[in-house]
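What follows is each chain in one-letter form.
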Amino acid sequence: MNLYRLMKMAVGHGLPRPVKLAGLAVMFRLRRRTAGVFLDPVLGCNLRCRMCYFSDPVKRREMKGIMGDRELSECAAAIFPYALKLQIGCGAEPTLYPDLEKVIRLGKEYGVPYISMTTNGQLIGSGRCSLESLVKAGLDELTLSLHGTEREVYEHLMPGASFETFGRLAEEIARVKKEYPDFKLRVNFTVNSLNVNGLRGELFWNLWHEGGAPDIVQLRPVQKIGESDWKDFNPQPLIDAYDDTIGSMINECRRRVITCIAPKPEQIETVAENQDGTVALIENLTYVYVSPSGCYKADFNPSDETYAAYNRRHHTVRKLLAAIFSRSASRSRHVSKKMNYKID
């Protein structure tokens, strides 16, 4: 059976809790890949986007560090063989890292099935980072953070960014996609009261050159993820404009046969939702974060043990199986900012 289908069966929405837990336990026991690895090889950013914590000078001073060759190689050897997906760039800008190709090559050497990178794209558009070289090394998907479809809004919400540089990036994406047809582009558009009107009509679609349109469009209502310059988190303007903006984008993506991940109108206002102990158990095994400040868990040493050995030491499978018969695992424990979006 396809590995992605197995993973979906193990943790998929709508499945009974015992099925989720048992499926994940079986996959781990069979030594199948169960981890999503989220890697920030450098903690820094070239922009100060107003909706991001990098616009907060206090947080910006805290976010620092870069992974050395040995540190990266040890983490890769300990974790990548168990990774279902490698996501490069999570809370910082990965194109600041001097050898991104090495990161991608390591992923491919350890057989990671899918490698994606999230970026604001400015260093690619300026020519300081080669998209073609990254794709040649094995990059499967580029996730582009985009916060405006018009110059004034784009540059206001993304201080330090140039709309002309974005235009050159769009040209490069189209060229690379034509040469590497399996390469995917995902656009992550964080919607707020200022940029929501940029989703009307053809404004979004006019940004892309022939052959370079996104394969996936993800529309996210703005959320407070820390201190930032952006202060307006009122969902009402997004709800009021829904049909002509987010709703219109959903319909146009469907017409163009583009995957659209977007909230329903009733989901915009209720972003935070309770997560139970089952989700916490699943995330403990499937979510692996690596950065200059640490690798996976505080008591995990990649030079001494692997991801699999660590979870055997912590009896993770036993805990998953025990939770099948435990009522306490289904009780609410924390609130998540993750939203169950509608996918078209």
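Here is what the cut-offs are and how they apply
- Residues numbered from 1 in each chain as written.
- Predicted model: local features only at pLDDT ≥ 70, side-chain atom pairs only at ≥ 80, totals over all residues.
- Heavy atoms only, no water.
- Helix = DSSP H or I, 4+ residues; strand = E, 2+ residues; numbered from the N terminus.
- Buried < 20%, exposed > 50% of the residue type's maximum accessible area, 1.4 Å probe, protein only.
- Contact = heavy atoms within 4.5 Å.
- Pairing = 2+ DSSP bridges.
- Polar contact = N/O pair within 3.5 Å; in protein donor to acceptor, adjacent residues only side chain to side chain.
- Phe/Tyr/Trp six-rings, centres within 6.5 Å; stacked < 30°, edge-to-face > 60°.
- Lys NZ or Arg CZ within 6 Å of the ring centre and 35° of its normal.
- Axes fitted to C-alpha atoms, helices over the stretch in contact; angles between N-to-C directions.
- Parallel < 35°, antiparallel > 145°, perpendicular 65-115°, else oblique.
- Left-handed = near helix turned anticlockwise from the far one by under 90°.
- Nonpolar A, V, L, I, M, F, W, Y, C, P; charged D, E, K, R; others polar.

### What to know about the overall build of the protein
Scanning the protein from N- to C-terminus turns up 15 helices and twelve strands. Looking at the 344 residues of the protein, the share that counts as buried comes to 50%. The contacts of the protein with a sequence gap of at least 6 include a subset with a gap of at least 24, amounting to 78%.

### Topic: helix H11 (residues 246-256)
The α-helix winds at 3.6 residues per turn, so residues separated by three or four positions along the chain end up facing the same way. Of the residues making up H11, those classed as buried are Ile246, Gly247, Met249, Ile250, Glu252 and Cys253. Elements that come into contact with the buried residues of H11 comprise strand E6 (216-221), strand E7 (259-262) and helix H12 (265-269). Val257 sits one or two residues past H11 and shows a positive phi near 60°.

### What to know about the pairing of strand E9 (residues 287-291)
One ladder, built from four bridges, connects strand E1 (residues 35-39) with E9; its direction is parallel. Of the residues in E9, the one forming a bridge with Gly36 is Tyr287. By the bridge criterion, two bridges tie E9 to strand E10 (residues 294-295) in an arrangement that is antiparallel. Paired with Val290 across the strands is Cys295, a residue of E10. Where E9 folds back onto E10 in an antiparallel hairpin, the turn is made up of two residues.

### Regarding the side chain of Ser291
Inspection of the secondary structure puts Ser291 in strand E9. Within the local environment of Ser291, its side chain forms a polar contact with the side chain of Ser293, the two groups lying 2.7 Å apart. In contact with Ser291, other than residues within four places in its own chain, are Asp40, Leu43, Met67 and Glu71.

### Quick word on the packing of aromatic side chains
Scanning all chains against the criterion turns up 14 aromatic pairs. Ring plane angle 50° and centroid distance 5.6 Å describe the contact between Tyr154 and Phe166, whose orientation is recorded as tilted. One end of the pair, Tyr154, is in helix H8 (residues 151-157); the other, Phe166, is in helix H9 (residues 163-179), and twelve residues separate them in sequence. As far as burial versus exposure is concerned, Tyr154 and Phe166 are alike and both buried. Here a set of aromatic residues connected by ring pairs shows up, and it is made of Tyr154, Phe163, Phe166, Phe204, Trp205 and Trp208. The positively charged end of Lys59 is found above the aromatic ring belonging to Tyr53, 5.6 Å away from the centroid.

### Quick look at the packing of helix H4 (residues 69-79) against helix H5 (residues 100-109)
What describes two packed helices is the angle between their axes and the distance between those same axes. Two elements in contact, H4 and H5, have axes separated by 10 Å at closest approach and are oriented at 20°. Between H4 and H5, the crossing angle belongs to the class labelled roughly parallel. In this structure, the crossing between H4 and H5 has a hand that is right-handed. Contact residues: Asp69, Leu72, Ser73 and Ala76 in H4; Lys102, Val103 and Leu106 in H5. Of the residues that constitute the contact of H4 with H5, the class distribution is four nonpolar, one polar and two charged.

Limitation: the analysis is restricted to geometry and does not speak to function.
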